[in-house]
Amino acid sequence: MRIPAALLLSFACGGNMSAFPDNPSVVMTLEQSGVDVDALLLPPSETERAEARAAWRSRSLPAEDVREEARFELPNEEVMLIISHASPNGRHLGAIRAPLAALEGGSYPIVVQLAGLAIEPSHVVPDPAASLSSETTRGIGLWPAFRGQTIHFRDRAWSADGDSWDFCDGSTDDAISFLNAALEVIPGADDSRVAAVGGSRGGNVALLMGIRDERVDVAVSLAGPTGFFSDVVMVHHNAYILY
């Protein structure tokens, strides 16, 4: 990411966490299994941080065998494309909303829309034809389907391969590779103007994209979880998902 990390936008606009009772079951299960929870929650060392960054840099995330799975004409001279591509975890896919002119060229900014985590790994891509607004988009919207996730548009659905519980680091790989795929099929997509926006798990992925991919100029996290080395997280009602 080219902008300073201090310019990352992180908004704590989620629900009131105190509205949920503490759930000690994860801590109890770990302790009963002989895990030292205090040691588990120690902040990562500089060596561990460097190892994580090196692992990120070593990953190759090209978009190979990109295919158009479906095309939908939209109002206001726009199009919705469902595309898929090969990945180490099987076929990955997602949706692209773009001006028709972007299929020929030009220079359009990109907004990567990143979904949160749900018990049912599915996501509905918004249909502009169902909106009361007649405003034409001024850029290109991307909706990656994270591994193991199903996306829906109108009356159709498409599912990505992979394990849906690899939900932060793996999902970031998926978002970056889908951005690469979109750049292949949309000549007018401008990779010098990319924003990543998400809420909850999607907010975490937006921040990780900002750290890992220098093409991302803006990362917006809406209540994205980041404090994984906190006992507060360990007793959160959704801790079983995280640990």
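See the structure shown above.
Here goes a summary of the coordinates provided. (Residues numbered from 1 in each chain as written. Predicted model: local features only at pLDDT ≥ 70, side-chain atom pairs only at ≥ 80, totals over all residues. Heavy atoms only, no water.)

Notes on unusual backbone geometry
Note the threshold: Strands here are runs of E lasting at least two residues and helices are runs of H or I lasting at least four, both read from the DSSP assignment and numbered beginning at the N terminus.
Here the phi dihedral of Arg154 falls at roughly 55°; this positive angle occurs in a residue that is not glycine. Within the secondary structure, Arg154 is located in the loop between β8 (150-153) and β9 (156-159). A positive phi angle is found at Ala223, which is not glycine, with a value near 55°. In this structure, Ala223 sits in the loop between β11 (216-222) and α6 (231-234).

Examining the pairing of β11
Rules: Burial here depends on accessible area, computed with a 1.4 Å probe over protein chains only, as a share of the maximum for the residue type. Under 20% is buried, over 50% is exposed, and the range in between is partly exposed. When DSSP finds two or more bridges between a pair of strands, those strands are recorded as paired. With its strands directed away from the observer, a crossover is right-handed exactly when the path from the first strand over the helix to the second travels clockwise.
The buried fraction of β11 amounts to five of the seven residues, a majority that puts the element mostly inside the structure. Sheet topology note: the strand β10 (residues 189-199)/β11 ladder contains six bridges and is parallel. Paired with Ala196 across the strands is Ala219, a residue of β11. Each parallel crossover has a hand, and for β10 linked through helix α5 (residues 201-212) to β11 it is right-handed.

A look at the packing of aromatic side chains
Condition: Under the pairing criterion, centres of Phe, Tyr and Trp rings, with the six-membered ring standing for Trp, must be within 6.5 Å; the plane angle then separates stacked pairs below 30 degrees from edge-to-face pairs above 60, leaving the rest tilted.
For the structure on display, the rule yields two aromatic pairs. Taking the centre distance of 4.9 Å and the plane angle of 65° together, the rings of Phe72 and Phe153 count as edge-to-face. With Phe72 in strand β2 (residues 64-74) and Phe153 in strand β8, this residue pair connects regions lying 81 residues apart in the sequence. The exposure class assigned to Phe153 is buried, which follows from its relative accessible area of 0%. Considering the side-chain rings of Phe72 and Trp158, the 6.3 Å spacing of their centres and the 80° angle between planes classify their relative orientation as edge-to-face.

With respect to the pattern of salt bridges
Let me state the cut-off plainly: Salt bridges are counted wherever a side-chain nitrogen of Lys or Arg sits within 4 Å of a carboxyl oxygen of Asp or Glu.
Counted by the stated rule, this structure contains 14 salt bridges. Across the salt bridge formed by Glu46 and Arg49, the nearest N and O atoms sit 3.7 Å from each other. Of this pair, Glu46 and Arg49 both sit in helix α3 (residues 46-58), three residues apart, roughly one helical turn. With its nearest N and O atoms 2.9 Å apart, the salt bridge here joins Arg154 to Asp127. Placement of Arg154 in the loop between β8 and β9 and of Asp127 in the loop between β6 (122-124) and β7 (140-145) is noted, with a sequence separation of 27 residues between them. One salt-bridge network, in which partners are shared between bridges, spans Arg59, Asp169, Asp173 and Arg212.

Structural notes on the environment of Arg212
We count it as follows: Polar contact is defined as a pair of N or O atoms within 3.5 Å, subject to the rule that within protein one atom must be able to donate a hydrogen and the other to accept it, and that residues adjacent in sequence are counted only when both atoms are side-chain atoms.
Within the secondary structure, Arg212 sits in helix α5. Each C-alpha atom, one on Arg212 and one on Ile176, is 8.9 Å from the other, the two residues being 36 residues apart in sequence. Of note is the side chain of Arg212, whose polar atom sits 3.3 Å from the side chain of Asp169. A distance of 2.6 Å separates a polar atom in the side chain of Arg212 from a polar atom in the side chain of Asp173.

Quick notes on the nonpolar core
Inside soluble globular proteins, nonpolar side chains tend to come together where they are buried. Going by this rule: The set of buried Ala, Val, Leu, Ile, Met, Phe, Trp, Tyr and Cys residues whose side-chain atoms join them within 4.5 Å is what this entry labels a nonpolar core. Whether two residues touch is decided by their heavy atoms; if any such pair falls within 4.5 Å, the residues are in contact.
One finds Ile96, Leu114, Ile140, Leu142, Ile186 and Met209 to be the most contacted residues of the largest nonpolar core, which totals 30 residues. When residues of this core are traced back to their parent elements, those giving at least two are β3 (78-87), β4 (90-99), β5 (108-114), β7, α4 (169-185), β10 and α5. The leading source of residues in this core is α4, at six residues. The contact partners of Ile96, leaving out residues within four places of it in the chain, are Val79, Met80, Leu81, Ile83, Ile140, Gly141, Leu142, Phe178, Ala182, Val185 and Ile186. Counting 14 residues, the second-largest nonpolar core is a separate cluster that includes Leu93, Val125, Ile151 and Phe153.

Here's the deal with α5
The criterion, for reference: Multiplying 1.5 Å by the residue count of a helix minus one yields the expected span of that helix.
Between its first and last C-alpha atoms α5 spans 16 Å; for twelve residues at 1.5 Å apiece the expected length is 16 Å, and the two agree. Taken across its twelve residues, α5 has eleven buried, putting it largely inside the fold.

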